[in-house]
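Structure at a glance
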Amino acid sequence: MDQPLPSPTIMATTQPLVLALPKGRILKELMPVLKRAGLTPAADCADEDSRRLRFETQDAAVDVIRVRPFDVATFVAHGAAQIGVCGGDVLMEFDYQEIYAPLDLGIGYCRVSVAGPVDAPADDPSRWSRIAVATKYPNIARKHYAARGVQAEVVHLNGAMELAPALGLSKVIVDLVATGATLKANGLHETEVIAEITSRVIVNRSALKTMPERIGALLARFRDAIA
């Protein structure tokens, strides 16, 4: 007599959880946290030249995927990854209802700011009705100016925002700022800070409901790692 197949629920619990991590600066800051949490990924995860995108960790029950910072939230929101780490700027921009962000890791400090030319003539923002803004954060920019009754005409760029004011694409930019060195090198300065940003652990809400013990245990390890 044929043996019955395992139920889908049993099969699902034997699969590794997928942890989505952002490429670049945050991943480097995150590595010590992962080590303390017992989740150190394979050595080539930190190698930007590695063509692999999915990596085993020292815990056989957890795999890591390395993706663009903006894509972490998308992978988690759609359930391709059950848990991830991303900046607060990404959560502000996309505002996915499927994501729960229970833990601030206290790393990746930066800010979303408005910046403009240092030599721009004095102006009164309260008199503006509209403003041209270059940014990769269209939703953040529109919400920021809409709260002041100003319409933001967004020029959506994925990089080189600092060139936009000098070349007549926009009056200001809205971008992520860490040291401000790039702004200074391109004749810009911060005029407003919209939000202070740190990196957070995010969880897919459905995964939290269906695998509360596994997700909860992983969150506890992150909490212990930053305690």
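Now for a look at the structure at hand. (Residues numbered from 1 in each chain as written. Predicted model: local features only at pLDDT ≥ 70, side-chain atom pairs only at ≥ 80, totals over all residues. Heavy atoms only, no water.)

Digging into the overall build of the protein chain
Looking only at helices and strands, the protein chain features 8 helices and 11 strands. Its C-alpha atoms put the protein chain at 80 × 35 × 35 Å along the principal axes. Looking at the protein chain residue by residue over its 227 residues, the buried ones come to 42%. When contacts within the protein chain are restricted to residue pairs at least 6 apart in sequence, long-range pairs at least 24 apart make up 67% of them. Approximately 12,300 Å² of the protein chain is accessible, and the part contributed by carbon and sulfur atoms is 54%. Taking the average location of the 25 positive side-chain charges in the protein chain and that of its 26 negative ones, the two points are 1 Å from each other. (Helix = DSSP H or I, 4+ residues; strand = E, 2+ residues; numbered from the N terminus. Buried < 20%, exposed > 50% of the residue type's maximum accessible area, 1.4 Å probe, protein only. Contact = heavy atoms within 4.5 Å. Areas by Shrake-Rupley, 256 points an atom, 1.4 Å probe, with all protein chains shown as cover. Lys, Arg positive; Asp, Glu negative; His and termini not counted. Charge placed at Lys NZ, Arg CZ, Asp CG, Glu CD.)

What about the packing of aromatic side chains?
Per the counting criterion, the structure on display carries 3 aromatic pairs. Ring geometry for Phe70 against Phe94: centres 5.5 Å apart, planes inclined by 80 degrees, an arrangement best described as edge-to-face. You can see Phe70 sitting in helix H3 (residues 69-77) and its partner Phe94 sitting in helix H4 (residues 88-94), a full 24 residues away along the chain. The interplanar angle of 50 degrees and the centroid separation of 5.5 Å between the aromatic rings of Phe70 and Tyr137 together place this pair among those described as tilted. On the criterion of sequence distance, the pair formed by Phe70 in helix H3 and Tyr137 in the loop between strand E7 (130-135) and helix H5 (138-146) is long-range, its members being 67 residues apart. Comparing Phe70 with Tyr137, the two get one shared label, buried. (Phe/Tyr/Trp six-rings, centres within 6.5 Å; stacked < 30°, edge-to-face > 60°.)

Structural notes on the pattern of salt bridges
Throughout the structure, instances matching the rule amount to 10 salt bridges. Two residues, Glu190 and Arg111, come together in a salt bridge whose shortest N-O distance is 2.8 Å. A residue pair is termed long-range when its members are at least 10 positions apart, and Glu190 in strand E10 (residues 188-197) and Arg111 in strand E6 (residues 110-117) qualify at 79 residues. Several salt bridges converge on common partners, so that one network encompasses Asp44, Arg52 and Glu56. (Salt bridge = Lys/Arg side-chain N within 4 Å of Asp/Glu carboxyl O.)

Focus: the packing of helix H2 (residues 25-36) against helix H8 (residues 212-226)
Where H2 meets H8, the closest approach of the two axes is 8 Å, and the angle between their N-to-C directions is 110 degrees. What the angle tells us is that H2 and H8 run roughly perpendicular. Between H2 and H8 lies a crossing whose hand is right-handed. Residues Val33, Leu34 and Arg36 of H2 touch H8, and the partners they reach there are Phe222, Ala225 and Ile226. (Axes fitted to C-alpha atoms, helices over the stretch in contact; angles between N-to-C directions. Parallel < 35°, antiparallel > 145°, perpendicular 65-115°, else oblique. Left-handed = near helix turned anticlockwise from the far one by under 90°.)

Considering unusual backbone geometry
Phi is positive for Asp95, which is not a glycine, with a value near 50 degrees. Here Asp95 shows up in the loop between H4 and strand E5 (99-104). Judged by its relative accessible area of 44%, Asp95 falls in the partly exposed class.

A closer look at the sheet that holds E7
Taken together, 5 strands build an open sheet; the order of strands is E8-E7-E9-E6-E10 and the sheet is mixed. Taken across any chain shown, the strands that pair with only one partner, and hence form the sheet edges, are strand E8 (151-156) and E10. Neighbour-to-neighbour, the strand axes of the sheet open up by a mean angle of 30 degrees, direction not taken into account. Here H5 sits on the sheet in contact with E6, E7, E8, strand E9 (172-177) and E10, set at roughly 165 degrees to E8. (Pairing = 2+ DSSP bridges.)

Here we look at the sheet that holds E5
Spatially, E2-E3-E1-E4-E11-E5 is the arrangement adopted by the 6 strands of the open sheet, whose pairing is mixed. A strand with exactly one partner marks an edge of an open sheet, and here the two such strands are strand E2 (54-56) and E5. For this sheet, the mean angle separating the axes of adjacent strands, direction not counted, is 30 degrees. Across 6 bridges, the pairing between strand E1 (residues 17-22) and strand E3 (residues 62-67) is parallel. In the sheet register, Leu21 faces E3, and the bridge partner there is Arg66.

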